[in-house]
Each structure stands twice: as structure tokens, then as C-alpha cells.
Amino acid sequence: MQHTATHVTEVTDESFAAEVLAADLPVLVKFTADWCPPCRMIAPVLAEIARERVGELKIVSLDVDHHPRTAAAYGVLSMPTLMLFRAGEPVKSLVGARSKLRLLQELSDVL
């Protein structure tokens, strides 16, 4: 099996500020958990978008079980929550898995 880079970076409570809040690009954060089937369903969708939007959009993943401080700070209660940050501020939040087309449509006004 060939392994390809996913372009989706794992972030932690400790790296969140540097990776997300200080980023030059818009950053889509996937708040996720190992026990969450919809999180696994949306992972390949996000990997594909990350590959196609290199240089335009950064996509990162944060495991809420291992890094609860960041999830709590942004009031994340459901998995997966997708939150788009621009210039360090959350500008859009979406809950639940969705198709690539629907996700891009829902983000089109902020990308």
C-alpha cells in the first residue's frame, strides 16, 4: 500500500496558537475523537481538500480527548466540529460530517 501525505496536520493544546491563530492562511480545524465514526468519514474529504487547496487553506486536526483545553475554549461539544479561523478569529463553525461539495459550498463565503 502506498502511503501519501495527508496535508492535514495534527495540532495540540500547546501548538494551537502557533499553528492556527498565528497562521497566514485561513485554517480549518477539525475537532475530532477516536471514538467518533463521522470524524473518520470526513477525514478523506478533508485530506482531499487540503491537497487541492495547498497555499490557500490549511487544514488541521485536534483530538478533543487528548487536548480538551482548546475544545473547551471554543465551546466545542459535538464531533466532528469544523471551525474556520481567519487572522486568529473563528469565522465559521460547522458540526457533523458532510460531502466535499457541501462542505466547500458552506465555506465558500469565508474562503
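Bear in mind that the values here come from a model prediction, so they are computed numbers and not experimental data. (Residues numbered from 1 in each chain as written. Predicted model: local features only at pLDDT ≥ 70, side-chain atom pairs only at ≥ 80, totals over all residues. Heavy atoms only, no water.)

## Notes on the pattern of salt bridges
Line of reasoning, step 1. Under the definition given, this model contains eight salt bridges.
Line of reasoning, step 2. For K58, the salt bridge identified is with E19, shortest N-O distance 2.8 Å. Placement of the pair is K58 in strand β3 (residues 58–63) and E19 in helix α1 (residues 16–21), with a sequence separation of 39 residues.
Line of reasoning, step 3. Connected via shared salt-bridge partners are E48, E52 and K100. (Salt bridge = Lys/Arg side-chain N within 4 Å of Asp/Glu carboxyl O. Helix = DSSP H or I, 4+ residues; strand = E, 2+ residues; numbered from the N terminus.)

## Considering the sheet that holds strand β1 (residues 8–11)
Strands in a sheet are paired, the pairing made by backbone hydrogen bonds, and the direction either parallel or antiparallel.
Line of reasoning, step 1. One open sheet holds the five strands; their spatial order is β1-β3-β2-β4-β5, and the pairing between them is mixed. Of all strands in the sheet, those bounded by a partner on one side alone are β1 and β5 (89–95). The average undirected angle you get between the axes of adjacent strands in this sheet is 25°.
Line of reasoning, step 2. Of the strand pairs in this sheet, β1 and β3 are connected by four bridges, and their pairing is parallel. What sits directly across from E10, in β3, is S61.
Line of reasoning, step 3. This element, helix α2 (residues 37–52), spans β1, β2 (27–32), β3 and β4 (81–86) of the sheet and lies at about 165° to β2. (Pairing = 2+ DSSP bridges. Axes fitted to C-alpha atoms, helices over the stretch in contact; angles between N-to-C directions. Contact = heavy atoms within 4.5 Å.)

## Notes on the side chain of D13
Line of reasoning, step 1. Residue position: D13 is located in the loop between β1 and α1.
Line of reasoning, step 2. Of the side chains with opposite charge, R69 lies nearest to the buried D13, which makes no salt bridge, at 4.1 Å.
Line of reasoning, step 3. Reaching out from D13, the side chain makes a polar contact with the side chain of T70 at a distance of 2.7 Å. (Buried < 20%, exposed > 50% of the residue type's maximum accessible area, 1.4 Å probe, protein only. Lys, Arg positive; Asp, Glu negative; His and termini not counted. Polar contact = N/O pair within 3.5 Å; in protein donor to acceptor, adjacent residues only side chain to side chain.)

## What about the packing of α2 against helix α4 (residues 100–107)?
Line of reasoning, step 1. Here α2 crosses α4 at 60°, and the two axes come no closer than 10 Å. Between α2 and α4, the angle is such that the two are oblique. When the axes of α2 and α4 are compared, the crossing they make is right-handed. In contact with V45, L46, E48, I49 and E52 of α2, α4 contributes K100, L103 and L104. (Parallel < 35°, antiparallel > 145°, perpendicular 65-115°, else oblique. Left-handed = near helix turned anticlockwise from the far one by under 90°.)

## Notes on the environment of E48
Line of reasoning, step 1. Within the secondary structure layout, E48 lies in helix α2.
Line of reasoning, step 2. Taking the C-alpha atoms as reference, E48 lies 20 Å from E19; in sequence the two are 29 residues apart.

## Some details on the environment of L111
Line of reasoning, step 1. Here L111 is to be found in the segment after α4.
Line of reasoning, step 2. C-alpha separation for the pair L111 and D34, spaced 77 residues apart in sequence, amounts to 28 Å.
Line of reasoning, step 3. Setting aside anything within four residues of it in sequence, one finds L111 in contact with P26, R53, L57, L84 and R86.

## Some words on the state of the cysteines
Line of reasoning, step 1. Taken as a whole, this structure holds one disulfide when the rule is applied.
Line of reasoning, step 2. Paired by a disulfide, C36 and C39 hold their sulfur atoms 2.2 Å apart. Between C36 and C39, the S-S dihedral sits near 85°, and the bridge is therefore right-handed. (Disulfide = S-S within 2.5 Å.)

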